[in-house]
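Each chain, written out:
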Amino acid sequence: MRHKVKLPNRASSPYLLLTNISQLLTLRGESAPRRGSALNAVGIIEDASVLCGGGKIVAVGRQREVLRDEWLRKNRSKIHELDCSGRVVLPGFIDCHTHPVFAEPRLIDFEKRISGASYEEIAAAGGGIRSSIAAVRAASRKELADKVLAALNAMLRQGTTTVEAKSGYGLSTESEIKSLEAIRDAANRWPGTVQSTLLAAHVVPPEFAGKADQYVEKVCDEIIPLAARRKLARYVDVFCERGAFTLEQSEKIFAAARRNGLGTRAHVCQFTSSRLAGLLAHHPASLDHMDCVGEEDVAALNGSDTVAVLLPGANYFLGHKDYPGARRLIDSGVAIALATDYNPGTSPTPSMAFVLSTACTHMRMSPAEAICAATMNAACALGLQAQKGTIEPGKDADLAVFDVRDYREIAYWFAWNRCAEMVAGGEVQSFAVDD
Ligand SMILES: [Zn+2]
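On a predicted model such as this, the values are computed, not experimentally measured, just so you know. (Residues numbered from 1 in each chain as written. Predicted model: local features only at pLDDT ≥ 70, side-chain atom pairs only at ≥ 80, totals over all residues. Heavy atoms only, no water.)

Undergrad: Which residues make up the overall build of the protein chain, and what are the values?
TA: Across its full length, the protein chain holds 17 helices and 18 strands. For the protein chain, the spread of C-alpha atoms along the principal axes amounts to about 70 × 45 × 45 Å. Among the 435 residues that make up the protein chain, the fraction classed as buried is 59%. Contacts in the protein chain between residues far apart in sequence, at least 24 positions, make up 72% of those at least 6 positions apart. Computed over 50 positive and 50 negative side-chain charges, the inter-centroid distance for the protein chain is 4 Å. (Helix = DSSP H or I, 4+ residues; strand = E, 2+ residues; numbered from the N terminus. Buried < 20%, exposed > 50% of the residue type's maximum accessible area, 1.4 Å probe, protein only. Contact = heavy atoms within 4.5 Å. Lys, Arg positive; Asp, Glu negative; His and termini not counted. Charge placed at Lys NZ, Arg CZ, Asp CG, Glu CD.)

Undergrad: So what's going on with the coordination of the zinc ion? Which residues, and what values?
TA: Taken together, the protein ligands of the zinc ion are H97 (NE2), H99 (NE2), H267 (NE2) and D341 (OD), with distances of 2.0 to 2.4 Å. Look at D341 and you get buried, because its relative accessible area is 2%. (Donors = N, O, S within 2.8 Å, 3.2 Å for Na, K, Ca; no water.)

Undergrad: An account of the pattern of salt bridges is requested, with residue identities and associated values reported.
TA: This structure, assessed with the given rule, holds 23 salt bridges. Here D109 ties to R106 by a salt bridge, and the two come within 2.8 Å at their closest N and O atoms. As far as burial versus exposure is concerned, D109 and R106 are alike and both buried. Across the pair R275 and D297 runs a salt bridge, and its minimum N-O distance is 3.2 Å. Within this pair, whereas R275 is found in the loop between β11 (263-268) and α10 (277-280), its partner D297 is found in helix α11 (residues 295-302), the two being separated by 22 residues in sequence. Overall, D297 belongs to the buried group, its relative accessible area being 2%. (Salt bridge = Lys/Arg side-chain N within 4 Å of Asp/Glu carboxyl O.)

Undergrad: Describe the layout of surface pockets, with residues and values.
TA: In this structure, the largest pocket spans a volume of roughly 1000 Å³. Together, 37 residues line the largest pocket, and Y119, I129, V203, F239 and F271 are the ones closest to its centre. At the level of secondary structure, the elements contributing two or more residues to the lining of the largest pocket comprise α3 (107-114), α4 (119-124) and α5 (129-138). Tallied by class, residues from the lining of the largest pocket come to 16 nonpolar, 14 polar and seven charged. (1 Å grid on protein atoms, 1.4 Å probe; cavity = no way out; pocket = protein on both sides within 12 Å on 5 of 7 lines; lining within 4 Å. Points joined across faces, edges and corners; volume = space filled by probe spheres on them. Nonpolar A, V, L, I, M, F, W, Y, C, P; charged D, E, K, R; others polar.)

Undergrad: How would you sum up helix α6 (residues 141-157)? Please name residues and give values.
TA: Counted at 1.5 Å a residue, the expected span for α6 with its 17 residues is 24 Å, and the 24 Å between its end C-alpha atoms agrees. Within the span of α6, buried status applies to L144, A145, V148, L149, A151, L152, N153, A154, M155 and L156. Positive phi appears at G159, one or two residues downstream of α6, with a value of about 105°. (Expected span 1.5 Å × (residues − 1).)

Undergrad: Could you give me a rundown of empty space enclosed by the protein, with the residues and numbers involved?
TA: Throughout the structure, instances matching the rule amount to one cavity of 30 Å³ or more. Taken as a whole, the largest cavity spans an internal volume of roughly 50 Å³. Looking at the largest cavity, the residues that line it are P91, G92, I94, T161, T162, Q387, K388, G389, T390, K395, D396 and D398. Looking at the lining of the largest cavity, its residues break down into two nonpolar, six polar and four charged.

So yeah, pure geometry; function would need other evidence.
As structure tokens, this is what we get:
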């Protein structure tokens, strides 16, 4: 069986009309992170229609109101129509945390972990992050770009139109830049939107073992300035965790990012708790994982614009009993988003719908909260809230059409891709399953 994404017909009308939508989730409202009970408001319109033009959303509403427009009535025969009878339309998912630049799946880790092996035993058997580093260093930019594009297409087929993509398995100047170039090459061949992040501070590379501070200096003085100068990244990320980088080192990396005009985000509180005040002082766009965030820091987060990005795919794949404490964060007023954490070691899934299902079943989020966290709040985590995350006039025409009658089914059916059609930049990206 072969899957393929048909390319849009570039010569077609610049206008696209989605008609007969059973349920349209507009997510309309403020262009700011939705907190507390506002996370439940998905702005449903039934029997709806959406008009797109020039890559943007032009009109949204009840079908009879949208079709009443005089210009539309006159020009309807020239406008491409997409019949969404019996279907749900929502903003394309925004996957705001992924690591797509890797060469191979990590099957040694997978099998060894099942048999109860420790992190050290997995590394000794040739698995672990070191195997990903060796493979990325050996791969060509073209090979990596092809892998990234395949992942982006898998994401698109499952409802995602915007992706944050990190480097982080090169861990040398040359291989980190090669990874960012591979992301750019793939993004240029993909109809959705990609935001690049430099994650040179993922772990200390083997040649700097015992010399973490020296590697941090190299990241701050060499890799970050080069990535910024070449406009290859918009954000800098750091893995702030026991065994990776300390809070002090992470703050140095944040400071270097800001000196070079780049935004910041961090992996933090995944396995162990860290105090967040020093990182929050740099106004990071997001702090990600947050499984072990402490009570005092929940209050600090509530007063900030930083989005807490929760990544339950990693908890699922690592077989953890516990999941990120979404309820506590939401009920405290913290802005949260959801993402796949697509990566070869801990979360090899491109499916936001699976993440939504996990958030509902294991984190007690409502389907509406999960959708808002995967669209509008994820847009905020990438600084894209003015262009993306809702279906409102003036926003980018990035839409997902699901073959379900009720939006709650998107999180209900799991491991079942119900995405029927995608619209990215106002163009239909039809895909079909071929035998
Ligand atoms: Zn990650």
